[in-house]
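# Chains, contacts and geometry: an overview
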Amino acid sequence: MSVPVVLQVAASPVSPALVLRPWRMEDVAALVEVSRDPALRQWASSVVDNDADGMRWVQAQQQGWAAGDRFGFAVLEAQPGSLHEQLVGNVVLKEVTPVRPAAEVGYWTAAHARGRGVASRALEALTSWAFDTFEADGLERLELLHQVDNLASCRVAQKSRYDFDSILPAAPPSFPRDGHLHIRRTSAE
């Protein structure tokens, strides 16, 4: 994966176009800003409080790309009438291993972008890219996990055709409550 991957999501009648690309250091200020949101902090597995945290987080995303086992994308929304793109979320494909039939997906959406289909549109683009890129290596299914009380994540999973599979027991500290496992298989394409 030495060539940078950029995924485009076309605008819809009600939503601007999205661009998904690997995280860059120039994203740190926007990452710190969106990370101040209490709702995002409630569900996030890592906390970004300042520029140093943001730089470490972006570096971890870049290291995942370099290792070829974790592919984090900044989700940006094109601003009408502007060349500027605004950070609206994150999607990630993780635990990618050749010949392993499953990998995991995750996402979050900035507070100012919630309720507009950003997560489901970005997740759909990530899902298609993951299967197109890794199916030949044995990828058969993608797993999406969220805590049982994260109803918004459950709606995104359902909207994105990730079928509910099972309830997972809590695994503190990183997963303090029971969770849902949703699965999408290549045959669902």
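Preceding this paragraph is the structure being described.
Not measured: the values here are computed from a predicted model.

### A short note on the overall build of the chain
- From N to C terminus, the chain includes five helices and eight strands.
- Ordered by position in the sequence, the α and β elements of the chain form the string β-β-α-α-α-β-β-β-α-β-α-β-β.
- A compact globule built from 189 residues would reach a C-alpha radius of gyration of about 16 Å, and the chain, at 16 Å, matches this within 12%.
- On the principal axes, the C-alpha backbone points of the chain span a range of 40 × 35 × 35 Å.
- The buried share of the chain, reckoned over its 189 residues, is 45%.
- The contacts in the chain between residues at least 6 apart in sequence include a share of 59% that link residues at least 24 apart.
- Side chains of the chain give 18 positive and 23 negative charges; the mean places of these two sets differ by 4 Å.

### A closer look at the pattern of salt bridges
- Under the criterion given, the structure shown has twelve salt bridges.
- For Arg24, the salt bridge goes to Glu26, with nearest N and O atoms at 3.5 Å.
- For Arg24, a relative accessible area of 38% translates into the label partly exposed.
- A salt bridge links Asp49 to Arg41; the shortest N-O distance between them is 2.5 Å.
- Among the charged side chains, a salt-bridge network with shared partners connects Glu124, Arg161 and Arg184.

### A short note on the nonpolar core
- By size, the foremost hydrophobic cluster in this structure holds 33 residues, and its most contacted members are Leu20, Phe73, Leu93, Trp129 and Leu142.
- Contributing elements (two or more residues each) for this core: β1 (7-9), β2 (18-22), β3 (70-78), β4 (85-94), β5 (102-109), α4 (118-134), β6 (141-147) and α5 (151-159).
- Sort the elements by how many residues they give to this core and α4 lands first, with ten residues.
- Residues in contact with Leu20, not counting those within four places in the same chain, are Val5, Val6, Leu7, Val9, Phe73, Ala74, Val75, Val91, Ala122 and Ala125.
- By size, the runner-up hydrophobic cluster in this structure holds 14 residues, among which are Val32, Trp57, Ala74 and Trp108.

### Considering the layout of surface pockets
- The calculated volume of the largest pocket comes to roughly 1300 Å³.
- Around the largest pocket, the lining comprises 47 residues; the ones closest to its centre are Trp43, Tyr107, Trp108, Asn150 and Ser153.
- Only α2 (38-43), α3 (51-67), β4, β5, α4, β6 and α5 provide two or more residues apiece to the lining of the largest pocket.
- By residue number, the principal contributor to the lining of the largest pocket is β5, which donates six residues.

### Observations concerning the sheet that holds strand β8 (residues 179-185)
- Read from one edge of the open sheet, eight strands run β1-β2-β3-β4-β5-β6-β8-β7, paired in mixed fashion. Lying at the two open borders of the sheet, with one neighbouring strand each, are β1 and β7 (163-168). Across the sheet, the axes of successive neighbouring strands diverge by a mean angle of 25 degrees, strand direction being ignored.
- Relative to β5, β4 runs antiparallel, the two sharing six bridges. Along β5, the bridge assignment pairs Lys94 with Glu104.
- With respect to the sheet, α4 is in contact with β1, β2, β3, β4, β5, β6 and β8, its orientation differing from that of β4 by roughly 40 degrees.

Definitions and cut-offs
- Think of each chain on its own: its residues are numbered from 1, step by step along the sequence as written.
- Reporting of local features is limited, given that this is a predicted model, to residues whose pLDDT is at least 70; pairs of side-chain atoms are given and counted only at 80 or more, and all residues count toward the totals for whole chains, interfaces and linings.
- As a rule here, side-chain values come from all non-hydrogen atoms in the structure, and water together with hydrogens is ignored.
- Labels follow the DSSP assignment, with helices taken as runs of H or I lasting at least four residues and strands as runs of E lasting at least two, numbered in each case from the N terminus.
- Note that the radius of gyration is over C-alpha atoms, with the globule rule given as 2.2 Å times the number of residues to the power 0.38.
- When a residue's accessible area, from a 1.4 Å probe over protein chains only, is under 20% of the maximum for its type it is buried; when over 50% it is exposed; and in between it is partly exposed.
- When checking whether two residues touch, look at their non-hydrogen atoms; a contact exists if any pair is within 4.5 Å.
- Neither His nor the chain ends contribute to the count of charged residues, in which Lys and Arg are positive and Asp and Glu negative.
- The atom standing in for a charge is NZ when the residue is Lys, CZ when it is Arg, CG when it is Asp and CD when it is Glu.
- Any carboxyl oxygen of Asp or Glu within 4 Å of a side-chain nitrogen of Lys or Arg constitutes a salt bridge here.
- The criterion is simple. A nonpolar core is a set of buried Ala, Val, Leu, Ile, Met, Phe, Trp, Tyr and Cys residues joined through side-chain atoms within 4.5 Å.
- Of the grid points, spaced at 1 Å and generated over the protein atoms alone, those admitting a 1.4 Å probe that cannot get out make up cavities, while open sets with protein on both sides within 12 Å along at least five of seven lines make up pockets; any residue with an atom within 4 Å of a point is treated as lining.
- Grid points are joined across faces, edges and corners, and a volume is the space filled by probe spheres set on the points.
- Note: two strands are recorded as paired if DSSP finds a minimum of 2 bridges between them.
- Angles here are taken between N-to-C directions and fall from 0 to 180 degrees, while the axes themselves are lines fitted to C-alpha atoms, restricted in helices to the stretch in contact.

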